[in-house]
Amino acid sequence: MMSLLAEAGIAIEATEMASRLAAIRRAAGTVLIATQWGPPSGIVILHWYSTLGEAGPIALITTLLVALDDRRRGIGRLLLKAAAQVARSAGCVRLELIAASGDATLPEFCCATGFAEAGSRFVRSLRKQA
């Protein structure tokens, strides 16, 4: 999985990754990994949360990665299908995906898999800036 994350520009120590994965498992969320005959070829991470505006929880995909060599083989679609099934099982009423800025292929993929653009996000750190 380290090579898959490295392709996406994410550098995490193995022990830190294990800690983060364990935290996701303890919270309202899940990690799904696509594998074939070697290292993982894709990963999707989703979380769900409740709001006052919806009758049920909203599932939020925070990570969707497919290895460069494994793209255009349906792995991303299968990961989304599996994520949607997990979200439905958790009682979620909607599936959202956070698109990383700079990924030119993701918006087209999202539209092709049934997502619609819904505005943008604003973010801010909760830690003091040095």
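Our structure's up above, just so we're on the same page.
What you see is a predicted model; the values in this text were computed from it and never measured.

A few words on the overall build of the protein chain. Looking only at helices and strands, the protein chain has four helices and four strands in total. Residues classed as buried in the protein chain amount to 32% of the 130 residues present. The contacts in the protein chain between residues at least 6 apart in sequence include a share of 49% that link residues at least 24 apart. Carbon and sulfur atoms make up 55% of the accessible area of the protein chain, which totals about 9,300 Å².

Once that is clear, we can look at the nonpolar core. Ranked by size, the top nonpolar core spans 18 residues in total, and within it Val44, Ile61, Leu64, Leu79 and Leu97 carry the most contacts. At five residues, helix α3 (residues 75-89) tops the list of elements feeding residues into this core. Contacts of Leu79, omitting those with residues within four sequence positions, involve Leu32, Ala34, Gly42, Ile43, Val44, Leu64, Leu65 and Val66. Counting residues in hydrophobic clusters, the runner-up holds nine residues, among them Leu5, Ile24, Ile45 and Ala67.

Further remarks concern the pattern of salt bridges. All chains considered together, the criterion is met by four salt bridges. Between Asp70 and Arg73 there is a salt bridge, with the nearest N and O atoms lying 2.6 Å from each other. Classification of Arg73 by relative accessible area gives partly exposed; the value is 46%. Where Glu96 meets Arg94, a salt bridge forms, and the shortest distance between an N and an O atom there is 2.7 Å. Here Arg94 falls in the partly exposed class, since its relative accessible area comes to 34%. Where salt bridges share partners, they join Glu54, Arg94 and Glu96 into one cluster.

Spatially, four strands are ordered β1-β2-β3-β4 in an open sheet, and the strand pairing comes out mixed. Of all strands in the sheet, those bounded by a partner on one side alone are β1 (29-34) and β4 (94-97). Averaged over all adjacent pairs, the angle separating strand axes in this sheet is 25°, with direction ignored. Where β1 meets strand β2 (residues 42-49), six bridges bridge the pair, whose relative direction is antiparallel. Bridge pairing in β2 links Leu32 to Val44. Packed on one face of the sheet, helix α2 (residues 14-26) meets β1 and β2 and runs near 125° to β1.

So, about the environment of Leu32. Structurally, the position occupied by Leu32 is in strand β1. Beyond its immediate stretch of four places on either side in the chain, Leu32 contacts Gly42, Ile43, Val44, Leu79, Ala82, Ala83 and Val86.

To continue, consider α3. Over its 15 residues, α3 extends 21 Å from the first C-alpha to the last, a length consistent with the 21 Å expected when each residue adds 1.5 Å. In this fold, the buried residues of α3 make contact with β1, β2, β3 (58-66), β4 and α4 (106-112). Directly beyond the C-terminal end of α3, a positive phi value near 85° is found at Gly91.

Procedures and definitions
Residues numbered from 1 in each chain as written. Predicted model: local features only at pLDDT ≥ 70, side-chain atom pairs only at ≥ 80, totals over all residues. Heavy atoms only, no water. Helix = DSSP H or I, 4+ residues; strand = E, 2+ residues; numbered from the N terminus. Buried < 20%, exposed > 50% of the residue type's maximum accessible area, 1.4 Å probe, protein only. Contact = heavy atoms within 4.5 Å. Areas by Shrake-Rupley, 256 points an atom, 1.4 Å probe, with all protein chains shown as cover. Core = buried A, V, L, I, M, F, W, Y, C linked by side-chain atoms within 4.5 Å. Salt bridge = Lys/Arg side-chain N within 4 Å of Asp/Glu carboxyl O. Pairing = 2+ DSSP bridges. Axes fitted to C-alpha atoms, helices over the stretch in contact; angles between N-to-C directions. Expected span 1.5 Å × (residues − 1).

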